[in-house]
Amino acid sequence: MPLHLYDTYTRSLREFEPLHPPAVGLYACGLTVYDYAHIGNLRTYIFEDVLRRTLEYNGYQVTHVQNITDVGHLVSDADTGEDKMEKGSRRAGKSAWEIAALYTAAFKENLDQLNILEPHIWCKATEHVAEQIALIQCIEAAGYTYRTADGLYFDTSLLPDYGHMARLDVEGLEAGARVEMGEKRHPTDFALWKFSPPDRQRQMEWESPWGVGFPGWHIECSAMAIEYLGPFFDIHCGGEDHISVHHPNEIAQTQACHGTRLANFWLHGYFLQLSGEKMAKSAGEFLRLQTILDRGYDPLVYRIYCLGAHYRSKMNFSWEGMDAAATALNRLRSAVYEWGKPGLADVAYVDRFREAINDDLNAPKALALAWEVAKGDLPPPVKKGTVLELDKVLGLDLGTWTPETVVVPEEVKALVRAREAARAEKRWQDADRLREEIATAGFQVRDTAGGPELTPV
């Protein structure tokens, strides 16, 4: 049951074979930390976590690298507007360095809440400026750059296959260019190094061979990926919005300097939609994970919600869907807990699971198998062993969950005893009154064959 992954670069489902088995290099585009992550961002990181867990489940030794973009990401992908960090600094009334630290910490907390495995290597753009300058110098020496009044640019016309990943119609873009290009030679050209504005000092700027300024957004990922994984590694991931600009530019930079397309496989997670529209911070309205927590959901409810759709399909978010996911997670947790000690996993189910998850990370089918086990007639220890085996990839942390311990006040216990006495003596009105008093005290009483059970309301 070999692992097959959909490679955006070739637009095909390919059998995954590591370049240097059993090692696998995995690079994931991280957050631009000018604001909190929204749940659409987090859906992408859940997909990447399933990918890493699947690779490790197949016995590969993964080195997972993820960047933090804390400088250089302009408001527009067309190299116009201001740096998102500078804009976020002004909005928050804090320095760019302070907001980078604030939102990076919040982002890492979100990943932990969603049981997303931490990358082996975190790399910040501001801590790798020297590597970015060195890569730009390599590109310049190869003859792919030109200088304008506001920066050093990459000449995409010198790469015959530029934009192959996005299947860009470069000639059509040239003919129909309506954007303000300034001194750019072609619409697809992009900044490698931007010069600081002459009329003001930026918070984040560095000396370079071309003058004081800051790196372009695209050079960051190329430089850091090469630094930790080399100029050609196994898998590069990101969101579907990276297909048209960011990732083609990463590839172009690496082609110019090293003659490779940077990664053997390119995988992209698709958008989470709210009311049919892409969720984006630039629109000013987005949902954070904290929004979900404030409404009383366990964060792993959002994880199981995302597992219900394939990573290459757009997913619509709804609170009704979250309610259904909460019910599903609670039932699965309760079942796993009630099965007691785990036994050996059922080999047939494990094989079917591996077949599903190795089919381009088919998480919905893998999750359905967990439910099939739960509802089937296997002995409880085998059920538990099997579901926990599947959870190594699903990441729902089912093996550690325990029911919440409820402390019942003595006065409520006294009401329950009084109600039991009333029921025994067939004083039904008194029993109903006592049930209402118990409810007023914050508990719901349920009559079972083993006696009354209390749950908080």
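The text that follows walks through the structure, step by step, so that each part is easy to find. Computed from a predicted structure; not experimentally measured.

Cut-offs and rules
- Residues numbered from 1 in each chain as written.
- Predicted model: local features only at pLDDT ≥ 70, side-chain atom pairs only at ≥ 80, totals over all residues.
- Heavy atoms only, no water.
- Helix = DSSP H or I, 4+ residues; strand = E, 2+ residues; numbered from the N terminus.
- Buried < 20%, exposed > 50% of the residue type's maximum accessible area, 1.4 Å probe, protein only.
- Contact = heavy atoms within 4.5 Å.
- Phe/Tyr/Trp six-rings, centres within 6.5 Å; stacked < 30°, edge-to-face > 60°.
- Lys NZ or Arg CZ within 6 Å of the ring centre and 35° of its normal.
- Disulfide = S-S within 2.5 Å.
- Pairing = 2+ DSSP bridges.
- Axes fitted to C-alpha atoms, helices over the stretch in contact; angles between N-to-C directions.
- Expected span 1.5 Å × (residues − 1).
- Arc of directions from axis to C-beta.

## Re the overall build of the chain
Then step 1. Each helix and strand in the chain was counted, giving 15 helices and 16 strands.
Then step 2. For the chain, the spread of C-alpha atoms along the three principal axes comes to 95 × 50 × 35 Å.
Then step 3. Counting across all 457 residues of the chain, residues that qualify as buried make up 51%.
Then step 4. A separation threshold of at least 6 residues defines the contact pool for the chain, and within that pool the share at least 24 residues apart is 75%.

## Details of the packing of aromatic side chains
Then step 1. Summed over the entire model, instances satisfying the criterion amount to 17 aromatic pairs.
Then step 2. Pairing Tyr146 with Tyr153 gives two aromatic rings, centres 6.0 Å apart and planes at 20 degrees, and the pair type is stacked. Considered together, Tyr146 and Tyr153 belong to a single accessibility category, that of buried residues.
Then step 3. Here the aromatic rings of Tyr297 and Trp319 are separated by 5.7 Å at their centres, their planes lie at 15 degrees, and the arrangement is stacked. Pair noted here: Tyr297 is in the loop between helix H8 (289–294) and helix H9 (299–307) and Trp319 is in helix H10 (residues 319–338), with a separation of 22 residues, a long-range link.
Then step 4. Among the aromatic residues, those joined into a ring-pair cluster are Tyr297, Tyr302, Tyr305, Phe317 and Trp319.
Then step 5. Directly above the ring of Tyr36 sits Arg288, whose terminal nitrogen or CZ lies 3.6 Å from the centroid.
Then step 6. Directly above the aromatic system of Trp319 lies the positively charged group of Arg295, at a separation of 3.8 Å from the ring centroid.

## A closer look at the state of the cysteines
Then step 1. One pass over the structure, following the stated rule, counts one disulfide.
Then step 2. The disulfide that involves Cys138 links it to Cys257, with 1.9 Å between the sulfurs. Between Cys138 and Cys257, the disulfide has an S-S torsion of 105 degrees and is therefore right-handed. One end of the pair, Cys138, is in helix H4 (residues 129–141); the other, Cys257, is in helix H7 (residues 246–258), and 119 residues separate them in sequence.
Then step 3. Taking relative accessible area as the criterion, Cys138 reaches 28% and is therefore assigned partly exposed.
Then step 4. Distance from the sulfur of Cys123, which forms no disulfide, to the nearest cysteine sulfur (Cys221) is 7.7 Å.
Then step 5. Distance from the sulfur of Cys221, which forms no disulfide, to the nearest cysteine sulfur (Cys29) is 3.8 Å.
Then step 6. For Cys221, a relative accessible area of 1% translates into the label buried.

## Points about the sheet that holds strand S7 (residues 151–154)
What links the strands of a sheet is backbone hydrogen bonding, and the strands pair in either a parallel or an antiparallel sense.
Then step 1. Reading across the sheet, the four strands line up as S6-S7-S8-S9 and stay open at both edges, with antiparallel pairing between neighbours. The sheet is open, and its two borders are formed by strand S6 (145–147) and strand S9 (213–215), each paired with just one other strand. Strand-to-strand twist in this sheet, taken as the mean axis angle between neighbours without regard to direction, amounts to 25 degrees.
Then step 2. Of the pairings in the sheet, the one linking strand S8 (residues 190–195) to S9 comprises three bridges and is antiparallel in character. Counterpart to Trp193 in the pairing with S9 is Pro215.

## Details of the environment of Ala356
Then step 1. Checked against the element boundaries, Ala356 lands in helix H11 (residues 347–357).
Then step 2. The spacing of Ala356 and Gly340 is 16 residues in sequence and 27 Å in space, taken between C-alpha atoms.
Then step 3. Setting aside chain neighbours within four positions, we find Ala356 in contact with Leu361, Asn362, Lys365, Ala366 and Leu369.

## Here's the deal with the side chain of Arg419
Then step 1. On the secondary structure map, Arg419 appears in helix H14 (residues 410–424).
Then step 2. Its relative accessible area of 4% is what places Arg419 among the buried residues.

## Overview of H4
Then step 1. Counted at 1.5 Å a residue, the expected span for H4 with its 13 residues is 18 Å, and the 18 Å between its end C-alpha atoms agrees.
Then step 2. By the burial criterion, the buried members of H4 are Val129, Gln132, Ile133, Leu135, Ile136 and Ile139. Buried residues of H4 fall within an arc of 160 degrees about the axis and therefore sit on the same side. Projecting away from the buried face of H4 at angles above 90 degrees are the exposed residues Ala130 and Ala141.
Then step 3. Tucked into the core, H4 has its buried residues touching S6, S7, S8, S9, helix H6 (217–229) and H7.

## Topic: the side chain of Arg333
Then step 1. Assignment of secondary structure puts Arg333 in helix H10.
Then step 2. For Arg333, a relative accessible area of 6% puts it in the buried group.

## Remarks on the sheet that holds strand S5 (residues 121–124)
Then step 1. Strand order in the open sheet formed by five strands is S5-S4-S3-S10-S11, with parallel pairing between adjacent strands. Looking at which strands have only one partner, the edges of the open sheet turn out to be S5 and strand S11 (262–269). Ignoring strand direction, the axes of neighbouring strands in this sheet form an average angle of 25 degrees.
Then step 2. Strand direction decides the pairing type here: strand S3 (residues 23–28) and strand S10 (residues 232–239), joined by three bridges, are parallel. Its bridge partner being in S10, Leu26 is matched across the sheet by Ile235.
Then step 3. Along the sheet, H6 makes contact with S3, strand S4 (61–68), S5, S10 and S11, crossing S3 at roughly 160 degrees.
Then step 4. Together, S10 and S11 form the strand contacts of H7, whose direction differs from that of S11 by roughly 175 degrees.

Read these as layout, nothing more, since geometry by itself doesn't imply function.
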